[in-house]
Amino acid sequence: MKKKIPVPSLLVLTIIVILCFACELIMTKDPLYMDLSHCSEAPGKEFLFGTDTMGRDIFSMIWYGGRISLIIGFLATLLSTVLAVVIGSVSGCASAPVDGILMRMTELILSVPGLLLTVFLQAVFGRANVYSLSVVLGLTGWMSMAKVVRTEVLQLRNTDYVLAARCLGGGFFHVLRYHLAPNFFPSVLFMAVMNVRNAIVAESTLSFMGLGLPVEEVSWGSMLSLSENALLSRSWWVILIPGIFLAGTLLSLTNLGNYMRRSTNKRHSNLGCEEKDKKIRNKI
């Protein structure tokens, strides 16, 4: 049965990303301006999504803060993907002792609870900002992908085209760029998409705990960190509206990642069937 592309999720994600990165065109007010005369005001004509406990316009904060959350997710994923590809490829191509050391190191880091490791690294970096938080999340999100890359490289390193490239003098990064990465990239693409989701969740969790971005630096996570004050003042819109946008983005990323995973599994299954058919034909 052919797997259909999750069009609704792709459409929702595309709209959210475009509007977040073009937020200056649709923001009705300055998202950082604290209008103390309109604190905790319900949604209405002037403030479409209402205001938070500090009088900031939630409609403008949603798009501006969404851009910050997406930037953190993309930057963290970029760093974690680069680390995973390099470490996994080196481990897959190296000798058994080096491979063992790299994999034991990876498993050791993987055994530490992710939230604990993130909090520790953020404490080392000091006060959180967009870039330090992206680096921290990137440094704690590469291990699982590196193991997948290593497995793929182990299957590819003895193929004819890789051996030919090495015999012709191709270095490690040349072989990785032109012969290894194009073959294992589809297998790790869905993991990269899920890493974007995980980074956004981690940023929201840290901000909710008071360990992420400061309240004055708007993101979906820092907006949700005001939930306690919002509940005390019965300002349901302060929690509900950012939560809907965050949940919609995460759900769309999850559906897109699952579709990529199923497509990759189907491709590998088809390749396996083709190899079996070749073996049967050779025997005949």
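Residues numbered from 1 in each chain as written. Predicted model: local features only at pLDDT ≥ 70, side-chain atom pairs only at ≥ 80, totals over all residues. Heavy atoms only, no water.

### Section: the overall build of the protein chain
Operational definition: Strands are runs of DSSP state E lasting at least 2 residues, helices are runs of H or I lasting at least 4, and numbering of each runs from the N terminus. Exposed residues in this analysis have more than 50% of their type's maximum accessible area, buried residues have under 20%, and partly exposed residues fall in between, with area computed by a 1.4 Å probe over protein chains only. Note on definitions: a residue-residue contact is assigned when non-hydrogen atoms from the two residues lie within 4.5 Å. Each accessible area is a Shrake-Rupley estimate made with a 1.4 Å probe; only the visible protein chains count as cover when residues are assessed. Working convention for charge: Lys and Arg count positive, Asp and Glu count negative, and His plus the chain ends are omitted. Here the site of a charge means NZ on Lys, CZ on Arg, CG on Asp, or CD on Glu.
Counting its secondary structure elements, the protein chain contains 11 helices and 0 strands. In sequence order, the protein chain lays out its α and β elements as α-α-α-α-α-α-α-α-α-α-α. Sorting the 284 residues of the protein chain into buried and exposed places 40% on the buried side. Nonlocal contacts in the protein chain, meaning residues at least 24 apart in sequence, comprise 70% of its contacts between residues at least 6 apart. Counting every atom, the protein chain has about 15,200 Å² of accessible surface; 67% of that belongs to carbon and sulfur. Averaging the positions of the 25 positive and the 18 negative side-chain charges in the protein chain gives two centres separated by 15 Å.

### Quick word on the nonpolar core
Under the convention used in this document: Among buried residues, those of type Ala, Val, Leu, Ile, Met, Phe, Trp, Tyr and Cys that are joined through side-chain atoms within 4.5 Å constitute a nonpolar core.
Among the nonpolar cores identified, the biggest contains 27 residues, and Ile 58, Ile 62, Trp 63, Ile 200, Trp 220 and Met 223 are the most heavily contacted of them. For this core, the elements supplying multiple residues, two or more each, are α1 (7–21), α2 (58–93), α8 (172–208), α9 (220–224) and α11 (236–283). A per-element tally of this core places α11 first, with 8 residues. With near-sequence residues (within four places) excluded, Ile 62 lies in contact with Phe 49, Trp 220, Met 223, Ile 241, Pro 242 and Phe 245.

### Points about helix α6 (residues 143–156)
The test is simple: Working rule for helices: expected span equals 1.5 Å times residues minus one.
Relative to the 20 Å expected for 14 residues at 1.5 Å per residue, α6 spans 20 Å between its end C-alpha atoms, a close match to the ideal helical length. Buried within α6 we find Met 143, Met 145, Ala 146, Val 149, Glu 152, Val 153 and Leu 156.

### As for the side chain of Asp 35
Put simply, the test is: Salt bridge criterion: a side-chain nitrogen from Lys or Arg within 4 Å of a carboxyl oxygen from Asp or Glu. Residues adjacent in sequence count toward polar contacts only when both atoms are side-chain atoms; beyond that, a polar contact is any pair of N or O atoms within 3.5 Å, and within protein one must be able to donate a hydrogen and the other to accept it.
In this fold, Asp 35 is placed in the loop between α1 and α2. Buried charged residue Asp 35 carries no salt bridge. Nearest counter-charge: Lys 29, at 6.2 Å. Polar contacts involving the side chain of Asp 35 include one to the side chain of Ser 37, which spans 2.6 Å. Looking at Asp 35, its side chain comes within polar contact range of the side chain of His 38, at 2.8 Å.

The values reported here are purely geometric and, on their own, carry no functional implication.
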